[in-house]
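Residues per chain, in single letters:
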Amino acid sequence: MLLSTNAIDDRVRQTLVQTLYTQPTSLAMGAAAGILTTSVVAIYASQPAITFATVLLCVVAFARVALSTMLPRLGVENPRRLEIAYEAGAFSYAFLIGLIAAMTIHFHSLPAAQVLMVANAVGYATGIAARNAGRPLLAIGQMLLTFIPIVIVAGTSPEPAFKMLAVSVALLAPAMMSITINVFRVLRSSVAAAETSARLAERMQHLARTDVVTGLCNRAGLDHALAEHLERRKPGGCFALFWLDLDRFKDINDSLGHQTGDKILAEVARRLRARLANSGVLGRFGGDEFVIACEARDRREVENLALALLGDVCRTFRIDEDRIEIGCSIGVAMLPDDGDDLDTLMKGADVALYHAKVNGRKQVSFFDPSMTRDLVRRREIEAELRLALQRDELSIFFQPIVDLATGKIRAFEALVRWFHPEKGELRPDEFIPVAEETGAIVTLGNWITAQAAKAAAGWPEDVTVAVNLSPVQIKAPGAALGILNALREARLPPERLELEITETVLLDQTKQTEDFMTELAEAGVRFALDDFGTGYSSLGYLAKYKFGKIKVDRSFVSGINAGKTSDAIIRAVSEMALTLDMEIVAEGIETIEQVAAVRDAGCTLGQGYYFSRAVPDYLATMLLSQERDRMPKLAAG
């Protein structure tokens, strides 16, 4: 069992066999010494048998040196074939050199020749015991094949000196066998330990580059795989990088727990891997972001793959018997169109992803140089918006909402305006989306509500104020409490505040949204459904939540699609609102004809430039004052 290699795996065995071929120089030097020694002995002995054996030894020596040099270079990987080739030459050479030494004793050659040959044979046998210890059976076999002829011939010689030589060589054999075995043990242990360390290092490297949750490349592994894949890519064609970001993933983690979130990530990875079919690089960049890179024939193929990936991720997830809907945004950049190196490509895909999310999510966006300029612009707005509140650059303007039957102002909608000291007036559609993305909308929204409540507190008690709410603002901790505190500080009754929310807010239908609306409704705050008709399942929302007012989107009133169809829609909505005891506001009224049309269709309130643009708070107070002065005169007339 000690000499068996069954306990050593194939890689260790191959390493040990290869040690036989690691020093062809030492083998060549030993062969040269053997050839010279035997040749000198053959000349002095002048015995045909010794001469013949010397010729054979020379042939074997040359063959061994040639094979030890050629076989590894020929790529012979089978360790057993290398071993057999080496054994054949080694055993032949060992036996021949021992045989020639024995023959010099047998034929009573010159004493110098006997000493020379026996010394060479014994030195060879002892030296080979250490050199070939990686294969102990081979080393011991060579030693015995060298020693046995000498021991037999010397032991049967009548000369006492030769008998002593036989005893000495016989005692040397077990000693060298012990040395060989000990060297073999150390060598085998070292090789096995090295193999184990190499496998462990390889395993650790794999773990260091692998994401635990998904089994994909992590960020470090992704960088490595992308660099390798980019180097191997074929010339021509294009190389596309897809950057995917899951929509609303944080909400799922917060509401359903991180275990459910991990299961979703693992399922996303499975779907992406199935779509990619091992034809590119796939990794989890971090959090809920994934990166895919692959080669494609042209842009059309990239577009098709991007849409397929979007469809794969947006399919309903079934996790622990729950149906979970989750969206996905994808940014795409390509070589050579969008850059000539990996870093540029990554930045391009990241910018494209940002635009996909800004433009509404659940879509694919391809990088365009103009996106970088837009991003810089947004970053400037983000930084300046936080300072704008401190510098009083923001103002609240109010646009009246008029009773279509009497012309009386029933409410004002609060609209924020930003007058930048250097860039002039910035449109809300420039900075509101940025505020929502960065979370600044929470601070901004609370400020708008507080300012609107203070202004409304000075108006007649029958006039209310309407404030738009962002989905981000509603989800903020303590959102309802912040609004109630603003009312309390302004001393405005909750019934005089109307919060306008869009259907986008209700798409999630989370308990957080329900609790927000319930808490404020119980306090007396009213709610209006804004931009009605532009979202989804509006009738379902009206049945689920208590709204006191519906605002019909301006596209039905003054947009390019306004006409008979839109009039019919407004009429149907108005009839439904009358049944549900709701008021209908028509937005975007610009002409007297539109006033008549929406009033005939059943709308009770109107808002738009026909009545007034949004004005500062002091002008809103003036409008109310003028109206109150005018009403008694009209009544008296």
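Bear in mind the structure is a predicted one, so any value in this text is a computation, not a measurement. (Residues numbered from 1 in each chain as written. Predicted model: local features only at pLDDT ≥ 70, side-chain atom pairs only at ≥ 80, totals over all residues. Heavy atoms only, no water.)

Draft legend 1. Geometry of the confidence of the model for the chain. Mean pLDDT over the chain works out to 84, with 89% of the residues at or above the 70 mark. Of all helices and strands in the chain, the one with the weakest mean pLDDT is helix H1 (residues 10-18) (53), whereas strand E11 (residues 464-468) scores best (96). In this model residues 1-9 is a low-confidence stretch, pLDDT under 50, and it forms 16 contacts with partners more than four residues away in sequence or in other chains. (pLDDT = per-residue confidence, 0-100. Helix = DSSP H or I, 4+ residues; strand = E, 2+ residues; numbered from the N terminus. Contact = heavy atoms within 4.5 Å.)

Draft legend 2. Inspection of the nonpolar core at higher detail. By size, the foremost hydrophobic cluster in this structure holds 71 residues, and its most contacted members are Phe398, Trp459, Val465, Leu499, Phe516, Leu520 and Phe547. Counting 39 residues, the second-largest nonpolar core is a separate cluster that includes Ala121, Met143, Ala154 and Phe162. (Core = buried A, V, L, I, M, F, W, Y, C linked by side-chain atoms within 4.5 Å. Buried < 20%, exposed > 50% of the residue type's maximum accessible area, 1.4 Å probe, protein only.)

Draft legend 3. Main features of empty space enclosed by the protein. Under the definition given, this model contains two cavities of 30 Å³ or more. Quantified by volume, the largest cavity comes out at close to 40 Å³. Forming the boundary of the largest cavity are Gln399, Arg554, Gly588, Glu590, Gln607, Gly608 and Tyr609. Each residue belonging to the lining of the largest cavity can be placed in one class, and the counts come to one nonpolar, four polar and two charged. (1 Å grid on protein atoms, 1.4 Å probe; cavity = no way out; pocket = protein on both sides within 12 Å on 5 of 7 lines; lining within 4 Å. Points joined across faces, edges and corners; volume = space filled by probe spheres on them. Nonpolar A, V, L, I, M, F, W, Y, C, P; charged D, E, K, R; others polar.)

Draft legend 4. Layout of the pairing of strand E6 (residues 327-335). Burial analysis of E6 places nine of its nine residues in the buried class, which makes it a mostly covered element. Burial of the side chains of E6 extends over both faces: Gly327, Ser329, Gly331, Ala333 and Leu335 are buried on one face and Cys328, Ile330, Val332 and Met334 on the other. Where strand E1 (residues 238-247) meets E6, nine bridges bridge the pair, whose relative direction is antiparallel. Across the sheet, the residue bridging to tryptophan 243 is glycine 331, located in E6. By the bridge criterion, three bridges tie E6 to strand E7 (residues 364-366) in an arrangement that is parallel. Across the sheet, residue glycine 331 finds its bridge partner in E7, namely serine 365. Taking the sense of rotation as the criterion, the β-α-β connection linking E6, helix H12 (residues 342-358) and E7 turns out left-handed. (Pairing = 2+ DSSP bridges. Right-handed = clockwise from strand over helix to strand, strands pointing away.)

Draft legend 5. Representation of the packing of helix H10 (residues 258-276) against helix H11 (residues 299-314) in the model. Relative to each other, H10 and H11 sit at 150 degrees, their axes nearing to 9 Å. Here H10 lies roughly antiparallel to H11, going by the angle between them. By crossing handedness, the relation of H10 to H11 is classed as right-handed. Two secondary-structure elements touch here, H10 through Val268, Arg271, Leu272 and Arg275 and H11 through Leu305, Ala308, Leu309, Asp312 and Val313. Here the contact of H10 with H11 is composed, by residue class, of six nonpolar, no polar and three charged. (Axes fitted to C-alpha atoms, helices over the stretch in contact; angles between N-to-C directions. Parallel < 35°, antiparallel > 145°, perpendicular 65-115°, else oblique. Left-handed = near helix turned anticlockwise from the far one by under 90°.)

Draft legend 6. Local environment of unusual backbone geometry. The amide bond that connects leucine 335 to the next residue, proline 336, takes the cis arrangement and shows omega of 5 degrees. Mapping proline 336 onto the fold places it in the loop between E6 and H12. Of note, serine 46 is a non-glycine position whose phi angle comes to about 55 degrees, a positive value. Examined against the element boundaries, serine 46 turns out to sit in the loop between helix H2 (24-45) and helix H3 (48-73).

Draft legend 7. A look at the layout of surface pockets. Size it by volume and the second largest pocket reaches roughly 410 Å³. What lines the second largest pocket is a set of 21 residues, and nearest its centre among them are Glu498, Arg526, Phe547, Gly548 and Lys549. Every element with two or more residues in the lining of the second largest pocket is listed here: strand E12 (497-502) and strand E13 (526-532). Per-class residue counts for the lining of the second largest pocket are nine nonpolar, three polar and nine charged.

Draft legend 8. The side chain of threonine 260, seen in detail. Mapped onto the elements, threonine 260 comes out in helix H10. Relative accessible area serves as the criterion here: at 12%, threonine 260 is assigned to the buried category. Within polar-contact distance, the side chain of threonine 260 engages the backbone oxygen of leucine 256 at 3.3 Å. (Polar contact = N/O pair within 3.5 Å; in protein donor to acceptor, adjacent residues only side chain to side chain.)

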